Amino acid sequence: MEHIVYVVDDDHAVRRSVVGLLESAGLNALDFSSAESFLQHTFADLPSCIILDMQMPAISGFEVADALRASGREIPIIYLTGHGTIPMTVKAMKGGAYEFLTKPVASNDLLNSVDQALKLAQDNTLQRQEQYSLKQRHLSLTPREQEVLQLAISGLLNKQIAAELGVSEITVKVHRRRVMEKMQARSLADLVRAAERLTRNQPSE
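Residues numbered from 1 in each chain as written. Predicted model: local features only at pLDDT ≥ 70, side-chain atom pairs only at ≥ 80, totals over all residues. Heavy atoms only, no water.

Describing the nonpolar core
Generally speaking, soluble globular proteins have nonpolar side chains that are buried together. In terms of nonpolar packing, the biggest core is built from 23 residues, with Phe38, Ile50, Leu52, Val64 and Tyr79 touching the most fellow members. At the level of secondary structure, the elements contributing two or more residues to this core comprise strand 1 (4-8), helix 2 (35-40), strand 3 (48-53), helix 3 (61-70), strand 4 (77-81) and helix 4 (86-94). Not counting residues within four places of it along the chain, the set of residues in contact with Ile50 comprises Tyr6, Val8, Phe38, Leu68, Ile75, Pro76, Ile77 and Ile78. (Core = buried A, V, L, I, M, F, W, Y, C linked by side-chain atoms within 4.5 Å. Buried < 20%, exposed > 50% of the residue type's maximum accessible area, 1.4 Å probe, protein only. Helix = DSSP H or I, 4+ residues; strand = E, 2+ residues; numbered from the N terminus. Contact = heavy atoms within 4.5 Å.)

Below, the structure written as structure tokens:
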């Protein structure tokens, strides 16, 4: 799977050094000299991570992370700073940072962090794709099929669902078969798990 490693640092020498290291390891790097230009660029829908300078003019690394979070982007962040402190590290990790490294950073440490961050990003991308596919399958159900789905996962038998909906048991069997086909469920357990994933990933009020 293709990927992108974003490098955001106002120090030209540091930025070019990091990009050179990444490219030498066969990684696809895209660099920015300011947080503003990074936040304004068009993001590709690919697994990615960010190597982000903590202290930049105008917008700090923390503010970049806040802006990404507000836009709904979940990109693992590897912070780089020349003036790291324990409180800063704690704040970064609590804010969801993947790693917090101080300059100058050892090449192997940075590459290892990037490798692990990209694996996390790839897993997240696959999960989002699976969730989207699941939602689309659920949306393909008719209103009656959705009713049958809810009653089926609550443990009711076909004859009980028929009584609940005021239809024949044969009609329930037809609807149930279509629900299983559309949701790509091989068993009731599969159907229950799919419904749980849909509920778990719904935005809270």
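So, the pairing of strand 3
Counting buried residues along strand 3, six of its six residues qualify, which places the element largely inside the surrounding structure. Neither face of strand 3 is left uncovered, since the one carrying Ser48, Ile50 and Leu52 and the one carrying Cys49, Ile51 and Asp53 both have all their residues buried. Pairing of strand 1 with strand 3 involves five bridges; the strand directions are parallel. Each bridged residue has a counterpart across the sheet, and for Val8 the counterpart in strand 3 is Leu52. In this sheet, strand 4 lies alongside strand 3 in parallel orientation, the contact comprising four bridges. By the bridge assignment for strand 4, Ile50 is matched with Ile77. (Pairing = 2+ DSSP bridges.)

With respect to the packing of helix 5 (residues 107-139) against helix 9 (residues 188-200)
Packing of helix 5 against helix 9 brings their axes to within 10 Å, and their N-to-C directions diverge by 105°. It follows from the interaxial angle that helix 5 and helix 9 lie roughly perpendicular. Contact residues: Gln131, Leu134, Lys135 and His138 in helix 5; Ala194, Arg197 and Leu198 in helix 9. Taken together, the residues of the contact of helix 5 with helix 9 break down into three nonpolar, two polar and two charged. (Axes fitted to C-alpha atoms, helices over the stretch in contact; angles between N-to-C directions. Parallel < 35°, antiparallel > 145°, perpendicular 65-115°, else oblique. Nonpolar A, V, L, I, M, F, W, Y, C, P; charged D, E, K, R; others polar.)

As for the pairing of strand 2 (residues 29-32)
Each regular strand displays side chains that alternate between the two surfaces of the sheet. Taken together, the four bridges between strand 1 and strand 2 define a ladder with parallel strand orientation. Opposite Val8, over in strand 2, you have Phe32 as the bridge partner.

A word on the environment of Ala65
Tracing the backbone through its elements, the reader meets Ala65 in helix 3. Residue Ala65 is classed as buried on the basis of its relative accessible area of 7%.

Some points on the pattern of salt bridges
Applying the stated criterion across every chain yields a total of ten salt bridges. Close ionic contact of Arg16 with Asp31 constitutes a salt bridge, the shortest N to O distance being 3.4 Å. Of the two residues, Arg16 sits in helix 1 (residues 12-24) while Asp31 sits in strand 2, which places them 15 residues apart along the sequence. The exposure class assigned to Arg16 is partly exposed, which follows from its relative accessible area of 38%. (Salt bridge = Lys/Arg side-chain N within 4 Å of Asp/Glu carboxyl O.)

These figures come from the coordinates and say nothing about function on their own.
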